[in-house]
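# Coordinate analysis (summary)
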Amino acid sequence: MNKNYLKLTFLVMISLYFNNSSAKAEFLVLANPSIPINEITKSELKQILLANKTEFEKKKVTIIALSPDIPEADAIDQEAMGMSAVQAKKYWLIKVFNGTLETTPITGDSADEVAEKVGETKGSIAVVAKGTKPGKAKIVKLK
Amino acid sequence: MSYIYDSNASNNSFQIHDVDFFISGSVDKKVSYVAEVNFQPTFEGVSTDIERSYIQYEINPWFKIAIGRFHTALGYWNDTYHHGSYLYTSVTRPLMERFEDSGGLLPVHNTGIEIRGKGAFHDGNIGYIFNIGNGRGPVKDPSTFFNSYSKSKSISASVFYEMDSGLRVGVNAWRSELPGGALMAADSTPATYTDSNGNTVQVTGPKGSEYIYGAHMVYNTPEIEWLTEYDLMLHHYYIGSSNADGSKDTTINLLYSQFGYHVNSVLTPFVRYEIDATSTADAYLNASPGYKATGLPGTLRQYIAGARYELSASSALKLEVTYLNSNAPLFITNSPNPTSNKTDWQSNLNWSFAW
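Scope of this entry: the structure provided in the associated data block.

Rules of the game
- Residues numbered from 1 in each chain as written.
- Chains lettered and ligands numbered in written order.
- Predicted model: local features only at pLDDT ≥ 70, side-chain atom pairs only at ≥ 80, totals over all residues.
- Helix = DSSP H or I, 4+ residues; strand = E, 2+ residues; numbered from the N terminus.
- Buried ≥ 20, exposed ≤ 12 C-beta atoms within 10 Å, placed from the backbone.
- Contact = placed C-beta atoms within 7 Å.
- Nonpolar A, V, L, I, M, F, W, Y, C, P; charged D, E, K, R; others polar.
- Pairing = 2+ DSSP bridges.
- Core = buried A, V, L, I, M, F, W, Y, C linked by C-beta atoms within 7 Å.
- Axes fitted to C-alpha atoms, helices over the stretch in contact; angles between N-to-C directions.
- Arc of directions from axis to C-beta.
- Expected span 1.5 Å × (residues − 1).

### Some points on the overall build of chain B
Scanning chain B from N- to C-terminus turns up two helices and 19 strands. With the C-alpha coordinates of chain B rotated into their principal frame, the extents come out at 55 × 50 × 35 Å. A total of 355 residues make up chain B; the buried ones form 41% of that total. In chain B, 57% of the contacts between residues at least 6 apart in sequence involve partners at least 24 apart.

Put into structure tokens, the structure is as follows:
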């Protein structure tokens, strides 16, 4: 056995353990005006984000997500989907590999960019930090 | 990409792994197409496989019908991660989830028709998969791309339930003829291989039937990833007609359990225990060239500890240490020859990515 490998692994794990920065976040649900709802439950929203529900009134839903590189994405995805932003990206890749989703969600590098993309993309929905200006998107109230 | 230390190999090695090309897209609103082409480095060079290629018609989420080559409805790992090594936490697949051409015992690919569906049920989602296909060939590898060796087709089915809490449970079953006779090469002549004495041997298998029954339990939460799968493989051989050698019926048990803990959003240490066990030599599996060197018949136990670190949003650094213990000489992954040793230590540092 190569002892150096084990020593290195141990040190990396200890140093990273203290790097935990997950915190609960309040979020806002944005949707393109073509989405025929104004209210949604947290459970329904999770089903959409997990790609278990892919349609509203027989029309495909497009998810728009915050880029996993944005610091706030972790806390928002944790709250809305029950997983970190990187885990969410991996989850969506699995759905693409299974043929459930055609592609991973379009991402935005800021909440404002996500809002802008939701306003422009028919059938789209997204979760962003509370306080984000919706622009052309509409705010869907959490029941 | 990996760097591997192996107690049974003379040198540490750099290894490149599979290059997996995945295509998926909508033909129109109801019809979609999925293809996965894999380039796998081997000791002889690079082998290319069409791992999946199917066209699917979606009537609704409860009923999707596909035709082509797909992964069989056997448990969780095979239908979730496919060939995407970035998608799973560990560096290596469990022994029981290896592909047919990499020492795997289960029929993980099939060509035929698949029906699947999934939808909300109580507080979770229920799903099913049903396959009918060419099934097994005279030996386990290669799997039957475009010719069926049996009049009757193989069937496999799985049903699973995913709860909101992150728990998923499921069961699966498979039945296929073991057609017996000679494996045919691409030019329609009997396939041959060269044995360890340099003799040319025709590849033939025994006649019988195969049944596989399995169950899985998966628990995925923001903190925990716990995957457990079990398959029971039964081979029943027909005595008398074309299998006059009286091959003994065999029972093969395959199990793995992998537990990972998400320390934070980037670090996941994990451990895995695996066991592949059969009490007697199996005529069908032994008929495949190279099979005898993979450790069975007997009991193969593997213990793995490791960690995965998300280097970026699309790539991960993984490290795992493996201890393998067997009743029979092992086949070592970075050596073309079996070793007489029955134990093996391996450490594997891997960088994988997907986009």
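Next comes the rest of the account.
### Some details on the overall build of chain A
Helix and strand counts for chain A stand at five helices and eight strands. Secondary structure elements of chain A, listed N to C terminal, follow the sequence α-β-β-α-β-β-β-α-α-β-α-β-β. Among the 143 residues that make up chain A, the fraction classed as buried is 41%. Nonlocal contacts in chain A, meaning residues at least 24 apart in sequence, comprise 64% of its contacts between residues at least 6 apart.

### Things to note about the interface of chain A and chain B
The partner chain B presents 28 residues to the 28 residues of chain A that form the contact. For the side of chain A that touches chain B, the elements supplying multiple residues, two or more each, are α1 (3–17), α3 (71–81) and α4 (85–97) of chain A. Looking at side-chain class alone, the side of chain A that touches chain B contains 12 nonpolar, 11 polar and five charged residues.

### So, the pairing of strand β18 (residues 315–326) of chain B
Residues and elements named next belong to chain B. When strand β17 (residues 298–312) meets β18, the two strands line up antiparallel, connected through 12 bridges. Of the residues in β18, the one forming a bridge with Arg308 is Lys318. Hairpin connection from β17 to β18: two residues lie between these consecutive antiparallel strands. Bridge count for β18 against strand β19 (residues 343–353) is 11 bridges, and the pairing is antiparallel. Bridging across to β19, Glu320 finds its partner in Asn348.

### With respect to the environment of Ala115(A)
All names here are of chain A. You can see Ala115 is positioned in helix α5 (residues 111–120). When the 23 C-beta atoms within 10 Å are taken as the criterion, Ala115 is described as buried. The contacts of Ala115, once residues within four sequence positions are left out, are Leu30, Val128, Thr132, Lys133, Pro134, Gly135 and Ala137.

### Observations concerning the nonpolar core
Counting 40 residues, the largest nonpolar core has Val29(A), Leu30(A), Leu66(A), Ala126(A) and Val128(A) as the members making the most contacts within it. Elements represented by at least two residues in this core include exactly β1 (27–31), α2 (42–49), β5 (62–66), α3, α4, α5 and β7 (124–129) of chain A. When residues of this core are assigned to their parent elements, the largest contribution, seven residues, is made by α4(A). If near-sequence neighbours (up to four positions away) are discounted, Val29(A) is found in contact with Ile40(A), Leu45(A), Ile125(A), Val127(A), Ile139(A), Val140(A) and Leu142(A). Of all hydrophobic cores here, the second largest spans 24 residues; its members include Met96(B), Tyr256(B), Tyr284(B) and Leu300(B).

### Things to note about unusual backbone geometry
Residue and element names in this part refer to chain B. Phi angles above zero are rare outside glycine, and His82 is one such case at about 50°. One can find His82 in the loop between α1 (77–80) and β7 (109–121). Look at His122: it is not a glycine, yet its phi comes out positive at around 50°. With respect to the element layout, His122 can be found in the loop between β7 and β8 (124–133). The exposure class of His122 is exposed, given the 9 C-beta atoms found within 10 Å.

### Observations regarding the sheet that holds β7(A)
All names here are of chain A. What the six strands build is an open sheet, ordered β2-β8-β1-β7-β5-β6; its pairing is mixed. Looking at which strands have only one partner, the edges of the open sheet turn out to be β2 (39–40) and β6 (106–108). Where β1 and β7 come together, five bridges link them in antiparallel fashion. Within β7, the residue paired with Phe27 across the bridge is Ala129. Across the face of the sheet, α3 comes into contact with β1, β5 and β7 while running at roughly 120° to β7.

### A closer look at the pairing of β7(B)
Residue and element names in this part refer to chain B. Bridge analysis of strand β6 (residues 63–71) against β7 gives eight bridges, and the strand direction is antiparallel. When the bridges of β7 are listed, His71 appears paired with His109. Pairing of β7 with β8 involves 10 bridges; the strand directions are antiparallel. Looking across to β8, one finds that Gly112 is bridged to Gly133. Adjacent in sequence and paired antiparallel, β7 and β8 are bridged by two residues, among which His122 carries a positive phi angle near 50°.

### Focus: the environment of Glu57(A)
As for its position among the elements, Glu57(A) is in the loop between β3 (55–56) and β4 (59–60). When the C-alpha atoms of Glu57(A) and Pro36(A) are compared, they prove to be 7.8 Å apart, with 21 residues separating the residues in sequence.

### Quick look at α2(A)
Residues and elements named next belong to chain A. All of the buried residues along α2 are Leu45, Ile48 and Leu49. All buried residues of α2 fall inside an arc of 95° around its axis, so they share one side. Buried residues along α2 sit in contact with β1, β2, β5, α3 and β7. Where α2 terminates, the next one or two residues include Ala51, which has phi positive at roughly 65°.

### Points about α4(A)
An α-helical turn contains 3.6 residues, so a residue and the one three or four places further along point in the same direction. Over its 13 residues, α4(A) runs 18 Å from end to end, which matches the ideal 18 Å to within 8%, given 1.5 Å per residue. Most of α4(A) sits out of view: 11 of its 13 residues are buried. By the burial criterion, the buried members of α4(A) are Ala85(A), Val86(A), Gln87(A), Ala88(A), Lys89(A), Lys90(A), Trp92(A), Leu93(A), Ile94(A), Lys95(A) and Phe97(A). Buried residues in α4(A) make contact with β5 and α3 of chain A together with β3 (19–26), α1 and β17 of chain B.

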